[in-house]
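What follows is each chain in one-letter form.
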Amino acid sequence: MSTPHDPNRLSAQEPALAFIGLGHMGLPMATNLAKAGLKVSGFDVVEEACEKARGNGIDASADLTKAVEGATVVWTMLPNGDLVRDTITKAMELLPEGTLFIDSSTISVVDAQELGKLTSEKGYYFIDAPVSGGVVGASAGTLAFMVGGGEDAIQRAYPLLDILGGSITHCGAVGSGQTVKICNNLVLGVQQIVVAESMILADRLGIDPKTYMEVVSNSTGSCWALTKNCPVPGPVPESPANHDYQPGYASALMLKDLRLAKEVLEQTGTTANMGMQAWQMYETFCEQGNAGLDFSAIIRLIDEKKDG
Ligand code: NAD
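Reading guide: rules and limits
Residues numbered from 1 in each chain as written. Predicted model: local features only at pLDDT ≥ 70, side-chain atom pairs only at ≥ 80, totals over all residues. Heavy atoms only, no water. Buried < 20%, exposed > 50% of the residue type's maximum accessible area, 1.4 Å probe, protein only. Helix = DSSP H or I, 4+ residues; strand = E, 2+ residues; numbered from the N terminus. Pairing = 2+ DSSP bridges. Right-handed = clockwise from strand over helix to strand, strands pointing away. Domains from an automatic or database assignment. Contact = heavy atoms within 4.5 Å. Buried area = accessible area lost by both parts, 1.4 Å probe. Salt bridge = Lys/Arg side-chain N within 4 Å of Asp/Glu carboxyl O. Polar contact = N/O pair within 3.5 Å; in protein donor to acceptor, adjacent residues only side chain to side chain. UniProt positions renumbered as here; feature names shortened; annotations may be inferred. Expected span 1.5 Å × (residues − 1). Core = buried A, V, L, I, M, F, W, Y, C linked by side-chain atoms within 4.5 Å.

J.: Looking at this structure, how should I read the pairing of strand β2 (residues 40-43)?
T.: Each regular strand shows side chains that alternate between the opposite faces of the sheet. Residues Val40 and Gly42 point to one face of β2 and Ser41 and Phe43 to the other, with burial holding for every one of them. As paired elements, strand β1 (residues 17-20) and β2 share four bridges and run parallel to each other. Paired with Ala18 across the two strands is Ser41, which belongs to β2. Taken together, β1, helix α2 (residues 26-35) and β2 form a β-α-β motif whose crossover is right-handed. Pairing of β2 with strand β3 (residues 59-61), which is carried by three bridges, proceeds in the parallel orientation. In the strand pairing of β3, Ser41 is matched with Asp59. With helix α3 (residues 47-54) bridging β2 and its parallel neighbour β3, the resulting β-α-β unit is right-handed.

Structure below.
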């Protein structure tokens, strides 16, 4: 579903929006909201991130109190659930009832549900609105939003999500956006590994990566982990493999997502052998000092096994 948004009407409805977490995803998201004509302030604990944001039309500072002043919407894009909870708890002390909180970070289902309860008990609105599409989707405004929350909050958030989203799916009550996101990333973690395994095998059998790409991207093995995030340099010039595996999506974040999947797999008594193998591989890879590399760099761990 998609509706054209009217920046004037939207600004009248939400006179100021505070964006918290101006990293790989948050910066382009906040930038696109500012470009759409909204008054956007920002907060990040890293001054360099604030500086970049100021260059993009965002009134950013390393001071949460200043950033949320006058905001009717607070949008978080942070590395984990504890940070989201801390931020929202502090922001609730500073902002009146009725403020809308949108969290697009990937956090646990339980954290999202607890935040939903905490905010609604105090008269605030909250939706979990995690995303898929990566930095490319964030920059292009084509993110896939999976949203959990009450109808009122979602109706209010919808025109804002629409600025950044290629698709917006209401998945159910608060927490259900995270549920779908975690299921998606369980697939992605496994796919990124198997694409790497398959490309190493093809290489050892003498197949050029470009030939491999031409065939597999047009065959049943095609997937985002190959066509957008190809782990081998060359076939997809913009993939992190061509830029020393700078993220993109950091391995530490993929490990976090697979941990979140592990939690809900255990809670529901669900078996996921491939997913849990992927979790172990990312754990090893991060322990080896690679947490900051894009998760497609997992190919290095797999390639190492040749000598083992
Ligand atoms: P990132 O590490 O690039 O950005 C996070 C930002 O938050 C950093 O700039 C950091 O300085 C800032 N930060 C940390 N603690 C803070 C605090 N207390 N207050 C304010 N700012 C703080 O991470 P990212 O790649 O942008 O990912 C952010 C979230 O989005 C994660 O939950 C991730 O799982 C999710 N996500 C990322 C991608 C992707 O492709 N990178 C895709 C979908 C979802």
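There's plenty left to go through after this.
J.: When you look at the domain arrangement of the protein in this model, what are you seeing that I'm missing?
T.: It is common to report an interface's size as the accessible area lost on association of the parts. The assigned domain composition of the protein is domain 1 (7-172) and domain 2 (179-307). In this structure, domain 1 and domain 2 have C-alpha centres spaced 28 Å apart. Each side of the interface is counted separately: domain 1 has 13 residues, and domain 2 has 14 residues. When the two sides are added together, the surface that domain 1 and domain 2 hide from each other amounts to roughly 1,100 Å², 67% of it contributed by carbon and sulfur. Among the residues of domain 1 in contact with domain 2, Thr106, Val109 and Met146 are the three that bury the most area, contributing 41% of the side total. For the interface between domain 1 and domain 2, the tally reads zero salt bridges. Our count for the domain 1 to domain 2 interface comes out at four residue pairs in polar contact (both at pLDDT 80 or more).

J.: Please explain the UniProt feature "domain: 3-hydroxyisobutyrate dehydrogenase-like NAD-binding" (unreviewed entry) in the protein as it appears in this structure.
T.: In the UniProt entry, the feature "domain: 3-hydroxyisobutyrate dehydrogenase-like NAD-binding" (unreviewed entry) is given for residues 175-302. A helix fraction of 63% and a strand fraction of 0% characterise residues 175-302, whose end C-alpha atoms lie 34 Å from each other.

J.: In this structure, what is going on with helix α6 (residues 109-121)? I would like to understand it.
T.: For α6, with 13 residues, the first-to-last C-alpha span of 18 Å sits near the 18 Å given by 1.5 Å per residue. Summarising the contacts, the buried residues of α6 are in contact with α5 (81-94), β5 (100-103), β6 (125-128), α9 (176-204) and α12 (251-268). Positioned one or two residues after α6, Gly123 has a phi angle of 90°, which is positive.

J.: Any chance you could explain the nonpolar core here in plain terms?
T.: Generally speaking, soluble globular proteins have nonpolar side chains that are buried together. By size, the foremost hydrophobic cluster in this structure holds 39 residues, and its most contacted members are Phe19, Met29, Trp75, Ile102, Phe145 and Leu161. Elements with a contribution of two residues or more to this core: β1, α2, α3, β4 (73-76), β5, β8 (143-148) and α8 (151-164). For this core, the element with the highest residue contribution is α8, accounting for eight residues. Ignoring anything within four residues of it in the chain, the contact list for Phe145 reads Met29, Trp75, Ser104, Ala129, Pro130, Val131, Leu161, Leu164, Gly165, Ser167, Ile168 and Thr169. Val195, Ala202, Leu258 and Ala278 belong to the second largest nonpolar core, which has 38 residues in total.

J.: What should I look at first to understand the UniProt feature "active site" (unreviewed entry) in the protein in this one?
T.: Residues given the UniProt feature "active site" (unreviewed entry) here are Lys181. Along the chain, Lys181 turns up in helix α9. Setting aside residues no more than four positions away along its own chain, Lys181 makes contact with Thr106, Pro130, Val131, Ser132 and Met146.

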